[in-house]
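Here's the letter readout for the chains.
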Amino acid sequence: MRYPESKPPWTGSCLCGKVHYKLTAHPLTFYACHCTDCQRRSGSSMRLAMWVDRSALEVTQGSPQLLTFDMGNGRQRRARVCIDCDTRLWAEPADKPTMAALLPGTLHNAREFEPVAHLWTKSALSWVMIPQGVAAYETHPDRPGELTRLWQEAMQLRGSGDAN
């Protein structure tokens, strides 16, 4: 598993460079979701989700817009987006007001991070390879907090000791 050698803050930006941000604290967890909703939303084989404390995200340049999408049945998706290049930077779930789901590909050091788990593997596309030694769930973990525990454990094994 690969985890950042550097310590926070880490910087990121949108594709066009008009919006820049920094992440001032370690993530809470990082996983890949293979459910069909995430496949459609990302237009890819999976969606990467790096959960962080919302207070640890600081916009340093530009102004990402908060867009709200009605998903039907009372469900909403809220995301911070660069309106100029249409880069989605992070989600801000209304039911988790202190958290954000950062899209880790927008980090400048994204290669330093790897997901600790793969969710909804029963929906994974046939050619997707789940790395050995990484937690994999046919749907999602049964235990609340399992993904956070996995991340903290991996950070401690790495020797960071500063997972929070």
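Shown above is the structure to which this text applies.
The sections below set out a description of the structure shown in this document. (Residues numbered from 1 in each chain as written. Predicted model: local features only at pLDDT ≥ 70, side-chain atom pairs only at ≥ 80, totals over all residues. Heavy atoms only, no water.)

1. Points about the environment of Leu102
Applied cut-off: By the criteria applied, helices consist of DSSP H or I runs no shorter than four residues and strands consist of E runs no shorter than two, each listed in order from the N terminus. Two residues qualify as a contact provided that any one of their heavy atoms is within 4.5 Å of a heavy atom in the partner residue.
With respect to the element layout, Leu102 can be found in strand β9 (residues 99–102). Placed 23 residues apart in sequence, Leu102 and Ala79 show a C-alpha to C-alpha distance of 9.6 Å. The residues touching Leu102, leaving out its near neighbours within four places in the chain, are Tyr21, Leu23, Leu48, Ala49, Met50, Leu57, Leu89, Trp90 and Leu107.

2. A few points about unusual backbone geometry
Trans peptide bonds make up the majority, and among non-glycine residues the majority have a negative phi. Going from Pro8 to Pro9, the amide bond is cis rather than trans, its omega being 10°. Tracing the backbone shows Pro9 in the segment before β1 (10–13). At Asp86, a position not held by glycine, the phi torsion is positive, near 65°. You can see Asp86 is positioned in the loop between β7 (75–82) and β8 (87–91). Phi at Trp120 is positive, roughly 55°, even though this residue is not glycine. Take Trp120: it is sitting in the loop between β10 (117–119) and β11 (135–136).

3. A word on the packing of aromatic side chains
Geometry of an aromatic ring pair is reported as the spacing of the ring centres plus the angle between the planes. Definition in use: The rule is short: rings of Phe, Tyr and Trp, with Trp giving its six-membered ring, pair when the centres are within 6.5 Å, and they are stacked under 30 degrees, edge-to-face over 60, tilted in between. In this scheme, a residue with accessible area under 20% of its type's maximum is buried, one over 50% is exposed, and one in between is partly exposed, where area comes from a 1.4 Å probe on protein chains only.
With the rule as written, the count across this model stands at three aromatic pairs. Considering the side-chain rings of Tyr21 and Trp90, the 5.5 Å spacing of their centres and the 80° angle between planes classify their relative orientation as edge-to-face. With Tyr21 in strand β2 (residues 20–23) and Trp90 in strand β8, this pair connects stretches of sequence that are 69 residues apart. On the basis of relative accessibility, which here comes to 4%, the residue Trp90 falls in the buried class. Taking the centre distance of 6.5 Å and the plane angle of 20° together, the rings of Phe113 and Trp151 count as stacked. Remark: Trp151 occurs in helix α2 (residues 146–158) and Phe113 occurs in the loop between β9 and β10; sequence separation between them is 38 residues.

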